[in-house]
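Residue-level listing of the chains:
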Amino acid sequence: MESHKAVELARKIIELDILRDKIWENLAEMTGDKAYELIRRVQNS
């Protein structure tokens with residue numbers, strides 16, 4: 001049986017995933033096919 005805390009954490013992860021998708025869509029609109037490359041550069045800096 002899941003605890004209330006575990007369910008809450010699962011909900012937060014889902015919310016973050018949805019937010020990540022929205023942010024990715026915005027980035028892709030701004031940078032086109034360069035979005036993935038930009039993410040990698042920023043991640044490695």
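Residues numbered from 1 in each chain as written. Predicted model: local features only at pLDDT ≥ 70, side-chain atom pairs only at ≥ 80, totals over all residues. Heavy atoms only, no water.

(A) How the structure looks around the environment of Leu 9. By the element assignment, Leu 9 lies in helix α1 (residues 4-31). With 22 residues separating them along the chain, Leu 9 and Thr 31 place their C-alpha atoms 32 Å apart. (Helix = DSSP H or I, 4+ residues; strand = E, 2+ residues; numbered from the N terminus.)

(B) Quick peek at the pattern of salt bridges. Enumeration over the complete set of coordinates arrives at 2 salt bridges. Across the pair Asp 21 and Arg 20 runs a salt bridge whose closest N-O atoms are separated by 3.6 Å. Among the residues examined, Asp 21 registers a relative accessible area of 36% and is labelled partly exposed. Using a relative accessible area of 48% as the deciding quantity, one classes Arg 20 as partly exposed. Linking Arg 41 and Glu 37 is a salt bridge whose minimum nitrogen-to-oxygen distance equals 3.8 Å. Taken together, the residues Arg 41 and Glu 37, both in helix α2 (residues 35-44) and 4 residues apart, mark about one turn of the helix. (Salt bridge = Lys/Arg side-chain N within 4 Å of Asp/Glu carboxyl O. Buried < 20%, exposed > 50% of the residue type's maximum accessible area, 1.4 Å probe, protein only.)

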